[in-house]
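Structural overview for review
Residues per chain, in single letters:
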Amino acid sequence: FLKDETEVWSQNAWDHVPPPEDQAESIAASLARQRQAPVPEAEKIKYNQKPAKHWDNFYKTNADNFFRNRKWLHLEFPELLAVAEPEAGAITLCEIGCGAGNAAFPLLSANKNPNLTIRAYDFSSHAVKVVQNNPMYTSPPVGSIQAAVWDLSSLESLPPGVEAGSVDIVILVFVLSALHPDEWGKAVANIHKMLKPGGLVLFRDYGRYDLTQLRFKSGRLLDDNFYIRGDKTRVYFFEIDVHPNLLHPLAHCPPHPLFAIEQLGIDRRLLVNRKRQLKMYRVWMQGKFRKQE
Ligand SMILES: C[S@@+](CC[C@H](N)C(=O)[O-])C[C@H]1O[C@@H](n2cnc3c(N)ncnc32)[C@H](O)[C@@H]1O
């Protein structure tokens with residue numbers, strides 16, 4: 001923790017650092033620049049049409065070399081430690097938007113529960129292939145893992161092999177931000193359907209005015225707080241007030257609230273580049289949501 005500002009260059013990172021004093025001005029300047037030149041309407045439609053294709057290209061280029069292993073996941077969510085205990089019993093854990101398996105494989109390698117099943121889904125078939133080609137996929141030390149292609153925003157069906165009301169924990173790490181806000185309703189309905197009553201959603205994603213949001217240049221703004229990256233993947237930046245599209249997902253869903261909020265907070269970290277004397281203010285959202293009995 002940074003207690004004395006003069007110490008800032010002595011470490012690479014500081015936890016829970018409040019935003020800098022001039023943040024209001026830098027936010028205003030970034031948003032003004034971005035709003036001056038948003039993505040043209042005709043292109044917006046194009047970018048929102050085939051998002052899986054762009055993520056496929058991403059994994060063709062990066063395979064499993066882009067995202068770091070999410071080794072911190074069980075520290076942030078101790079529930080993941082509990083289900084990995086040898087005697088925890090039959091548990092189904094579903095990771096959606098699993099990418100190259102940067103969360104699933106660290107969980108699997110730390111697992112001591114022979115009855116833990118990890119189901120990993122992504123709508124990019126390339127990402128799923130990367131997961132399936134991991135040596136741990138075919139011979140996990142303890143427990144099992146199955147990966148398949150599935151679109152979280154699909155209305156047709158739950159993922160292959162997943163019955164309604166059968167999942168204990170759903171992990172969503174940097175995935176809802178990749179969906180268009182209009183797709184969140186279907187996503188929430190799907191997650192709600194697959195979970196057991198009392199089942200848990202573990203959520204971590206980009207937070208409002210994260211450094212990466214403020215850095216977007218002109219020609220990238222798709223909608224409020226929603227951007228297209230250079231590689232054509234989309235990203236939304238969440239705030240603490242739950243977006244109405246998430247609160248009232250779908251007309252055919254059971255009445256609100258579908259979930260009880262057990263935890264919802266902003267995680268701020270100051271990353272420091274000591275050589276270039278740069279301060280980078282990162283912002284993430286983290287939440288735990290329990291399906292109502
Ligand atoms: C930012 S990456 C995060 C990957 C992984 N969760 C991690 O933290 O390393 C977002 C992932 O979500 C996947 N994704 C985006 N939209 C999706 C959807 N509608 N259904 C399933 N997966 C989706 C992308 O293919 C990509 O792998």
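Figured I'd write up the structure that's included with this text. (Residues numbered from 1 in each chain as written. Predicted model: local features only at pLDDT ≥ 70, side-chain atom pairs only at ≥ 80, totals over all residues. Heavy atoms only, no water.)

1. Overview of the overall build of the protein chain
Assigned secondary structure in the protein chain consists of 11 helices and 11 strands. In terms of overall size, the protein chain behaves like a compact globule, its C-alpha atoms giving a radius of gyration of 20 Å where 293 residues would be expected to give roughly 19 Å. Structurally, the protein chain occupies a C-alpha span of about 50 × 50 × 40 Å along its principal axes. Expressed as a percentage of its 293 residues, the buried residues of the protein chain come to 48%. If you take every contact in the protein chain between residues at least 6 apart in sequence, the share linking residues at least 24 apart comes to 77%. Averaging the positions of the 35 positive and the 33 negative side-chain charges in the protein chain gives two centres separated by 6 Å. (Helix = DSSP H or I, 4+ residues; strand = E, 2+ residues; numbered from the N terminus. Rg over C-alpha atoms; globule rule 2.2 N^0.38 Å. Buried < 20%, exposed > 50% of the residue type's maximum accessible area, 1.4 Å probe, protein only. Contact = heavy atoms within 4.5 Å. Lys, Arg positive; Asp, Glu negative; His and termini not counted. Charge placed at Lys NZ, Arg CZ, Asp CG, Glu CD.)

2. Section: the environment of Lys3
Mapped onto the elements, Lys3 comes out in the segment before β1 (13-15). With 80 residues separating them along the chain, Lys3 and Val83 place their C-alpha atoms 36 Å apart.

3. Focus: the site of the ligand
For the ligand, the set of nearby residues contains 21 residues, the closest of which are Tyr59, Gly97, Asp122, Asp151 and Val173. The contact in question runs from an oxygen atom of the ligand to an N or O atom on the side chain of Arg70, over 2.9 Å. Between the ligand and Gly97, the relevant distance is 2.7 Å, taken from a nitrogen atom to a main-chain nitrogen or oxygen of the residue. Its free accessible area being 590 Å², the ligand has 99% of it covered by the protein chains. (Near = heavy atom within 4 Å. Polar contact = N/O pair within 3.5 Å; in protein donor to acceptor, adjacent residues only side chain to side chain. Areas by Shrake-Rupley, 256 points an atom, 1.4 Å probe, with all protein chains shown as cover.)

4. Some details on the layout of surface pockets
Counted as a void, the second largest pocket has a volume near 470 Å³. Lining the second largest pocket we find 25 residues, and of these Val188, Val242, Leu246, Leu247 and Phe289 sit closest to its centre. Those elements that provide at least two residues to the lining of the second largest pocket are α9 (184-194), β6 (195-206), α11 (244-247), β10 (259-273) and β11 (278-291). Here the lining of the second largest pocket is built from residues that sort into 20 nonpolar, two polar and three charged. (1 Å grid on protein atoms, 1.4 Å probe; cavity = no way out; pocket = protein on both sides within 12 Å on 5 of 7 lines; lining within 4 Å. Points joined across faces, edges and corners; volume = space filled by probe spheres on them. Nonpolar A, V, L, I, M, F, W, Y, C, P; charged D, E, K, R; others polar.)

5. As for the sheet that holds strand β7 (residues 221-223)
Within a beta sheet, neighbouring strands are joined by backbone hydrogen bonds and run either parallel or antiparallel to one another. Taking strand neighbours across the sheet as the criterion, the three strands line up as β7-β8-β9 in an open arrangement whose pairing is antiparallel. The open sheet is flanked by β7 and β9 (234-236), the only strands paired with a single partner. On average, each strand axis in the sheet is tilted by 30° relative to the strand beside it, whichever way the strands run. Where β7 meets strand β8 (residues 226-228), two bridges bridge the pair, whose relative direction is antiparallel. Counterpart to Leu221 in the pairing with β8 is Tyr227. Helix α2 (residues 41-49) rests against β7, β8 and β9 of the sheet, and its axis sits at about 80° to β7. (Pairing = 2+ DSSP bridges. Axes fitted to C-alpha atoms, helices over the stretch in contact; angles between N-to-C directions.)

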